[in-house]
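# Inside the fold
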Amino acid sequence: MIPPGGSGTLTARTSTSPLQKGRITKTVTVTTDEDATRTLRLTFTAEVQQLISVLPSARVYLTVTEGVGGHNRLLLRRTDGVPLVVSGVSASGGGIQVSAQKASLAAEPSPSPRPENTPWGMPPIKKQEPEMRPGDIVVEITAAPGVAAGQYSGLISMATNHPNMPHFDLPYTVRVRPAIEARPRSVHLAFGSAGEADGASAIVTLHHAERRPFQVTGIEVSHPELLEATLAAGANTVGGIS
């Protein structure tokens, strides 16, 4: 109850995730018994600062090719200037191996992931490595060549020496592309009635994800009484002819 001419205090709290940063805006609606102002909307704006920053991004996306593998690197640092200590690093969900160690400013930087070929003939995008500072932790994320094609998601978990964040989780997604991909992936053919000479045909183009040359050493079809497939001369193209 606020007496006439008096004042009161309203306390609002909001929850943020450990990976959240930047400006946030929240609205609080206050209901009163004053006929002229039954509801009052109050807007709060706050600037969220991370306790532990992750560079270059707090979400890990890694795309590699089956049989080749790849890796990525993150830098972790406490925003209060205290050197970060990390222990018990593990990953759930499969597809990767992770390790963490103190940043060595004198050591040669680890190689960047192979820049991927971008579509429409655009040049590869070069990823810029974040600058190391004393007290940083380097987290290496590796997808081994033996990982099967598919998509893997999970969390990279670690314990830290930050009193307000003793446990830290990073989400990750790894996409392992097949070494050889067919375009299109599926073909639908429409056949005429029995005895008709005209059939249906389609072209399937094979591409190596790493743009490496390869050879087709054999072709089999599941229903040879309906289909036959041949390799086009001089190209890695398979044509289907009824």
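The structure we're discussing is the one just above.
Everything quoted here is computed from the prediction, not taken from an experiment.

### Considerations on the sheet that holds strand β3 (residues 52–55)
On the basis of which strands lie adjacent, the open sheet formed by four strands has the order β3-β5-β8-β7 and antiparallel pairing. Each of the sheet's edge strands pairs with one partner strand only, and the pair in question is β3 and β7 (97–102). On average, each strand axis in the sheet is tilted by 25 degrees relative to the strand beside it, whichever way the strands run. With four bridges joining them, β3 and strand β5 (residues 70–78) adopt antiparallel strand pairing. Each bridged residue has a counterpart across the sheet, and for L55 the counterpart in β5 is L75.

### With respect to the sheet that holds strand β10 (residues 165–177)
Read across the open sheet, the four strands follow the order β4-β10-β9-β6; overall the sheet is mixed. The open sheet terminates on both sides in strands that have one partner only, identified here as β4 (60–65) and β6 (86–91). Sheet twist, expressed as the mean angle between neighbouring strand axes with direction ignored, is 20 degrees. Sheet topology places strand β9 (residues 150–162) next to β10; 11 bridges connect them, and they run antiparallel.

### Here's the deal with the environment of A149
By the secondary structure assignment, A149 is in the loop between β8 (137–143) and β9. Expressed as a C-alpha distance, the spacing of A149 and V174, which sit 25 residues apart in the sequence, is 10.0 Å. In this structure A149 touches E66, V176, R177 and P178, once residues within four positions along its chain are discounted.

### Some details on the nonpolar core
Grouped together as the largest cluster of nonpolar side chains are 26 residues, with contacts concentrated most on L74, L76, I141, I156, F168, L170 and V174. No other element matches the six residues that β10 contributes to this core. Not counting residues within four places of it along the chain, the set of residues in contact with L76 comprises I52, S53, V54, L84, D136, I137, V139, M158 and F168.

### Considerations on the pattern of salt bridges
Under the counting rule described, the total for this entry stands at six salt bridges. The residue R38 makes a salt bridge to D35 at a minimum N-O spacing of 2.6 Å. R38 gets classed as partly exposed once you look at its relative accessible area, which sits at 45%. Given a relative accessible area of 62%, D35 falls into the exposed group.

### With respect to the side chain of E181
When you line up the elements, E181 lands in strand β11 (residues 180–183). Apart from the residues within four sequence positions on either side, E181 is in contact with R175, T205, L206 and H207.

### A few points about the environment of L42
Mapped onto the secondary structure, L42 falls in strand β2 (residues 37–48). A relative accessible area of 28% places L42 in the partly exposed class. Once the C-alpha coordinates of L42 and K26 are considered, the two residues, 16 residues apart in sequence, prove to be 8.4 Å apart. Among all residues touching L42, those that are not within four sequence positions of it are L10, K26, T27, V28 and V30.

Conventions and cut-offs
- Residues numbered from 1 in each chain as written.
- Predicted model: local features only at pLDDT ≥ 70, side-chain atom pairs only at ≥ 80, totals over all residues.
- Heavy atoms only, no water.
- Pairing = 2+ DSSP bridges.
- Helix = DSSP H or I, 4+ residues; strand = E, 2+ residues; numbered from the N terminus.
- Axes fitted to C-alpha atoms, helices over the stretch in contact; angles between N-to-C directions.
- Contact = heavy atoms within 4.5 Å.
- Core = buried A, V, L, I, M, F, W, Y, C linked by side-chain atoms within 4.5 Å.
- Buried < 20%, exposed > 50% of the residue type's maximum accessible area, 1.4 Å probe, protein only.
- Salt bridge = Lys/Arg side-chain N within 4 Å of Asp/Glu carboxyl O.

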